[in-house]
Amino acid sequence: MRSLLLLLVIFSSPVVGCELPFPNLGKVWCLVPAANDSQTGVYRVSGKDLQVRLSDRLIVRANGFSRESLQALDSRIEGVSELYLMDDAVYYSVNVGIRDRLPAVIRSLSGESGISLVQPDILQLRKKHASDVLASAPSNYMTQLGIPELWSATPQGQGVRVAVIDDGFDLEHDELTHTQVIFSYDTASRSQDVSPRGASDAHGTRVAGTVFAAHNGVGIDGIAPQASLIAIRQPDTWTSHTILSFYLSKLSQADIVNASWRSQWLLEPVADIVADLAQNGRRGKGSAVVFSAGNSGMELTGEDSEAQLQAAVVIGAANGQGQRTRFSNYGQSVDAYVYGKAAPAVVPGGYGRFSGTSLSAAVASGYFALLLSQDPSLTLHQLVARLQQRLSLYQSSLHGPES
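Conventions used here
- Residues numbered from 1 in each chain as written.
- Predicted model: local features only at pLDDT ≥ 70, side-chain atom pairs only at ≥ 80, totals over all residues.
- Heavy atoms only, no water.
- Helix = DSSP H or I, 4+ residues; strand = E, 2+ residues; numbered from the N terminus.
- Rg over C-alpha atoms; globule rule 2.2 N^0.38 Å.
- Buried < 20%, exposed > 50% of the residue type's maximum accessible area, 1.4 Å probe, protein only.
- Areas by Shrake-Rupley, 256 points an atom, 1.4 Å probe, with all protein chains shown as cover.
- Lys, Arg positive; Asp, Glu negative; His and termini not counted.
- Charge placed at Lys NZ, Arg CZ, Asp CG, Glu CD.
- Salt bridge = Lys/Arg side-chain N within 4 Å of Asp/Glu carboxyl O.
- Axes fitted to C-alpha atoms, helices over the stretch in contact; angles between N-to-C directions.
- Parallel < 35°, antiparallel > 145°, perpendicular 65-115°, else oblique.
- Left-handed = near helix turned anticlockwise from the far one by under 90°.
- Contact = heavy atoms within 4.5 Å.
- Pairing = 2+ DSSP bridges.
- Phe/Tyr/Trp six-rings, centres within 6.5 Å; stacked < 30°, edge-to-face > 60°.

It is not clear to me how the overall build of the chain should be interpreted in this structure. Could you clarify?
When you go through the chain residue by residue, the secondary structure sums to 10 helices and 16 strands. Its C-alpha atoms give the chain a radius of gyration of 22 Å, near enough to 22 Å, the size a compact globule of 403 residues would have. Per-residue burial over the chain gives 57% buried out of 403 residues. Carbon and sulfur atoms make up 47% of the accessible area of the chain, which totals about 16,500 Å². Averaging the locations of the 31 positively and 37 negatively charged side chains of the chain gives two centres separated by 3 Å.

Have a look at this one:
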């Protein structure tokens, strides 16, 4: 019923000047061509301080359709490909060939029984990764989470699959050559080469190093060096690429999906697939999809980004005393605050520093890998509870129990 009401709003009372209305998370949004930029596919989102770029693709959630039957619904559709399969629906990428056809095809498909969502494929024109916040304090996340003690009691992540969705990975780095990479894919080039493409393409290497770095007496020690890596390079924010990245993680049977970033606008397909992984991953025990809370020092409210998803594991940054840092975002959706001040890190070709909620999310992902290597039967809720309990114990050891 809600979908029907949204369609009535979209197509019977379009916003004046709105070229492309579409539903997202229970609201109708309007895309308006950006000033002097109508030929390049750049639009502004009405009611948000955000610009996006459109292609000639749509994202469609449907039930009871094959690729062929979906394409047959409208002669303007030139191709259909599957992006993500759920138990009750499939997300498709639908190519209409010409961007100007998008509004008409959205109207056409939205009226079909069995189609519950149609959106344009959107590229958000802002940097996706949470910015690192440099600081001078030494790293102590090993002590905060009792990681050295876990190393002696667990197989250091062995048997656990950790997917990292990020930018480039320097898998030839001495700290990562030992890592068992069970799958790699670059959503931009459609190849298995996930190597960095430039000096700024280093975030994924930092995350991977935090989790997987070898215990070789050089550089840093990774939290779960025996875990297996699913390396997915996604250097942009196209909705279709994000959906595909998570589906590749699912197909690769990821126990943990690290996403040390948050986008500027949470889109409904991403919310759907995170909920699917959290509920159905690991044969019903739930895959941990770990997002960083972000480094703007603001309260997270509403449904603006992945950091507000209740199904996700959202990690903020703490200081050496286990207290939330001033730069960390916070709010009801944040599950835990993990050390996020400056720490030594693996970077392409050498070593550097890592900090911010991106580091915090990577640390939490590695910690979950240690717990699962010790006890694979743990559910997602139990993993989060273990993390919270450990952090509480650490704070109590420093400050005494709360009165």
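What should I look at first to understand the pattern of salt bridges in this one?
When charged atoms on two side chains of opposite charge get close, those side chains can pair. Scanning the model with the defined rule gives 11 salt bridges in all. Between Asp-272 and Arg-61 there is a salt bridge whose closest N-O contact spans 2.5 Å. In this pair, Asp-272 is assigned in helix H8 (residues 268-280) and Arg-61 in strand S4 (residues 51-62), connecting sequence segments 211 residues apart. A relative accessible area of 12% places Arg-61 in the buried class. For Arg-101, the salt bridge goes to Glu-78, with nearest N and O atoms at 3.2 Å. Note that Arg-101 is positioned in the loop between strand S6 (90-95) and helix H3 (102-110) and Glu-78 in the loop between helix H2 (67-71) and strand S5 (79-85), a separation of 23 residues in sequence. For Arg-101, a relative accessible area of 26% translates into the label partly exposed. The structure contains a network of salt bridges with shared partners spanning Asp-186, Arg-197, Asp-201 and Arg-233.

Please clarify how the packing of helix H9 (residues 357-374) against helix H10 (residues 380-399) should be interpreted in this entry.
Two packed helices can be described by the angle between their axes and the distance between those axes. One can describe the packing of H9 onto H10 by two numbers: an axis separation of 10 Å at closest approach and a directional angle of 110 degrees. In terms of axis orientation, H9 runs roughly perpendicular to H10. Crossing hand, H9 versus H10: right-handed. Of the residues in H10, those in contact with Ala-364, Tyr-367, Phe-368, Leu-371 and Leu-372 of H9 are Leu-383, Val-384, Arg-386, Leu-387 and Arg-390.

Whenever I open this one, the sheet that holds strand S9 (residues 180-186) confuses me. Can you help?
Where strands meet in a sheet, backbone hydrogen bonds hold them as pairs that are either parallel or antiparallel. Taking strand neighbours across the sheet as the criterion, the 7 strands line up as S9-S10-S8-S11-S12-S13-S14 in an open arrangement whose pairing is parallel. Across the chains shown, the open sheet's two edge strands, defined by having one partner strand only, are S9 and strand S14 (336-339). Adjacent strand axes in the sheet meet at a mean angle of 25 degrees when their direction is disregarded. The sheet contact formed by strand S8 (residues 161-166) and strand S10 (residues 228-233) spans 6 bridges and is parallel. Across the sheet, the residue bridging to Ile-165 is Ile-232, located in S10. Lying over the sheet, helix H6 (residues 203-212) contacts S8, S10 and strand S11 (256-259), oriented at roughly 160 degrees with respect to S8.

Can you help me understand the packing of aromatic side chains in this one?
In this description, an aromatic ring pair is defined by two values, namely the gap between the centres and the angle between the planes. Using the criterion set out here, one finds 7 aromatic pairs in the structure. Each ring, one from Phe-22 and one from Trp-265, has its centre 6.1 Å from the other, and the planes form 50 degrees; the classification is tilted. Separated by 243 residues along the polypeptide, Phe-22 in strand S1 (residues 20-24) and Trp-265 in the loop between S11 and H8 bring together distant segments of the chain. Classification of Phe-22 by relative accessible area gives buried; the value is 0%. Its relative accessible area of 2% is what places Trp-265 among the buried residues. Ring geometry for Phe-183 and Tyr-185: centres 6.3 Å apart, planes at 10 degrees, overall stacked.

Sorry, what's going on with H6 here?
For H6, the buried fraction is high: 10 of the 10 residues fall into the buried class. Among the residues of H6, His-203, Gly-204, Thr-205, Arg-206, Val-207, Ala-208, Gly-209, Thr-210, Val-211 and Phe-212 are the ones counted as buried.

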